[in-house]
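# Observations on the three-dimensional arrangement
Each chain, letter by letter, is given below.
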Amino acid sequence: MSIKVCVLTDPILIDFAQDGDIEGFKEYLDSDDTIYLNEPETFDTEAEALAYCAGIGYGKDERGPVERYPLRSFEPENLPFIVAIENY
């Protein structure tokens, strides 16, 4: 089974995902059809997906706001968000 990684760049979507608010996430997606979402990256193993996600955060200032937030399909709490993105 392949592993998907979706990287959020929209600050509002990132907030909903960090808070675990799937309903707010879906409502926000439904309210605006101009939101840009990156296509999910696909990997064969969790290790490859984690290495990709580590690259996203490399060199990031921990004190600043999150600008890119990865969602991984092998993490159960992220799966509803990925499904919502795929249905957008």
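Numbering of residues starts from 1 in every chain and runs along the sequence as written. Since the coordinates come from a predicted model, pLDDT governs what is reported: local features require at least 70, and pairs of side-chain atoms require 80 or more to be given and counted, while whole-chain, interface and lining totals use all residues. Side-chain figures throughout are based on the complete set of non-hydrogen atoms in the structure, without hydrogens or water.

Quick look at the environment of Pro80 now. Relative to the helices and strands, Pro80 is located in helix α4 (residues 79-86). Through-space distance from the C-alpha of Pro80 to that of Gly20 is 9.7 Å; in sequence the pair is 60 residues apart. Comment: elements are numbered from the N terminus, with helices defined as DSSP H or I runs of at least four residues and strands as E runs of at least two.

A separate point is helix α2 (residues 22-31). Here the term buried applies to any residue with accessible area under 20% of the maximum for its type, exposed to any over 50%, and partly exposed to those in between, with areas from a 1.4 Å probe on protein chains only. Turning to α2, its buried residues are Ile22, Gly24, Phe25, Tyr28 and Leu29. When α2 is viewed along its axis, its buried side chains cluster within an angular range of 165° and face the same direction. For α2, the exposed residues set more than 90 degrees away from the buried face come down to Glu27, Asp30 and Ser31. Those residues of α2 that are buried lie in contact with β1 (3-8), α1 (11-19) and α4. Under this definition, polar contacts are N or O atom pairs within 3.5 Å; protein pairs additionally need one hydrogen-donor-capable and one acceptor-capable atom, and for neighbouring residues in sequence, both atoms have to be side-chain atoms. Measuring from the backbone nitrogen of Glu23 back to the side-chain oxygen at the start of α2 gives 3.4 Å, which picks out Asp21 as the cap. Think of it as the arc spanned by the lines of direction from the helix axis to the C-beta atoms. The contact definition used throughout considers only heavy atoms, calling two residues in contact when any of these lie within 4.5 Å.

With that settled, the discussion passes to the pattern of salt bridges. Any two side chains of opposite charge can pair, so long as their charged atoms come close to each other. By definition, a salt bridge exists where a carboxyl oxygen of Asp or Glu is found within 4 Å of a side-chain nitrogen of Lys or Arg. Applying the stated criterion across every chain yields a total of 2 salt bridges. The residue Glu75 makes a salt bridge to Arg72 at a minimum N-O spacing of 2.9 Å. According to the relative accessible area criterion, Arg72 is buried, its value standing at 16%.

Our focus in this paragraph is the nonpolar core. Throughout this description, the term nonpolar core refers to a set of buried Ala, Val, Leu, Ile, Met, Phe, Trp, Tyr and Cys residues connected via side-chain atoms within 4.5 Å. Among the nonpolar cores identified, the biggest contains 16 residues, and Leu8, Leu13, Phe25, Leu29, Leu37, Leu71 and Ile85 are the most heavily contacted of them. When residues of this core are traced back to their parent elements, those giving at least two are β1, α1, α2 and α4. In this structure, Leu8 is in contact with Leu13, Ile14, Ala17, Phe25, Leu37, Glu67, Arg68, Tyr69, Leu71 and Ile85, ignoring residues within four places of it in sequence. Residues Phe43, Ala49, Cys53 and Ile56 belong to the second largest nonpolar core, which totals 7 residues.

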